[in-house]
Amino acid sequence: ALVAFTDGKQFGATLDRNGLRPGRFYVTNDDHLVLASEVGVVDIEDSNVKFKGRLRPGKMLLVDFDEGNLVEDDELKMKYARKRPYQEYLSKYSMELSE
C-alpha cells in the first residue's frame, strides 16, 4: 500500500515492504510532483518532465515545501540516523541471549 502524509510544510510518501502496488512519481519542470500507483493518471507532456522515479518496497520520499526540494529515501533516513548515536546505544544497552 502507498501511504501519503503531510503536515502542511512537508509531504511524504512510503510504500509498504510488500510493494504490491507501485508508487510512481514525476517531477515537472514547473515544480509539480505527481504521485500515483499507475503511470498516466495525469497527462504530462514528456518535455515537461524533469525527473521520473518510483517508490520501492520500504522506501520513502519527502517534499519539503519550505526548502523547495525533494528528499529521497537514503538522504531522508541518513538525516535521522545521524541525529542520535544509535550505534553507541546498541553497544551500551543490548545484550545477547544464550540459546
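Details of the structure are given in the entry above.
So, here's what we can say about the structure. (Residues numbered from 1 in each chain as written. Predicted model: local features only at pLDDT ≥ 70, side-chain atom pairs only at ≥ 80, totals over all residues. Heavy atoms only, no water.)

1. Brief notes about the pairing of strand β6 (residues 60-64)
Move 1: Counting buried residues along β6, four of its five residues qualify, which places the element largely inside the surrounding structure.
Move 2: Pairing analysis gives five bridges linking strand β2 (residues 10-15) to β6, with the strands arranged antiparallel. Bridge assignment links F11 to a residue of β6, and that residue is V63.
Move 3: Relative to strand β7 (residues 69-72), β6 runs antiparallel, the two sharing four bridges. (Buried < 20%, exposed > 50% of the residue type's maximum accessible area, 1.4 Å probe, protein only. Helix = DSSP H or I, 4+ residues; strand = E, 2+ residues; numbered from the N terminus. Pairing = 2+ DSSP bridges.)

2. Structural notes on the side chain of D73
Move 1: Of note, D73 is situated in helix α1 (residues 73-81).
Move 2: Once you skip the residues sitting within four places of it in the chain, D73 turns out to touch G58, K59 and M60. (Contact = heavy atoms within 4.5 Å.)

3. Regarding the nonpolar core
Move 1: Residues A13, L15, F25, V27, L55, L61 and V63 constitute the largest nonpolar core, which totals seven residues.
Move 2: Counting only elements with at least two residues in this core, the list comes to β2, β3 (23-28) and β6.
Move 3: Setting aside residues up to four positions removed in sequence, F25 forms contacts with L33, V34, L35, F51, K52, G53, R54, L55, L61, L70 and E72. (Core = buried A, V, L, I, M, F, W, Y, C linked by side-chain atoms within 4.5 Å.)

4. Comments concerning the sheet that holds β2
Move 1: The four strands lie next to each other as β1-β2-β6-β7, forming an open sheet whose pairing is antiparallel. The two strands at the open ends of the sheet, each matched to only one other strand, are β1 (2-6) and β7. Ignoring strand direction, the axes of neighbouring strands in this sheet form an average angle of 15°.
Move 2: Each of β6 and β7 is contacted by α1, which is oriented at about 80° to β7, the strand it contacts most. (Axes fitted to C-alpha atoms, helices over the stretch in contact; angles between N-to-C directions.)

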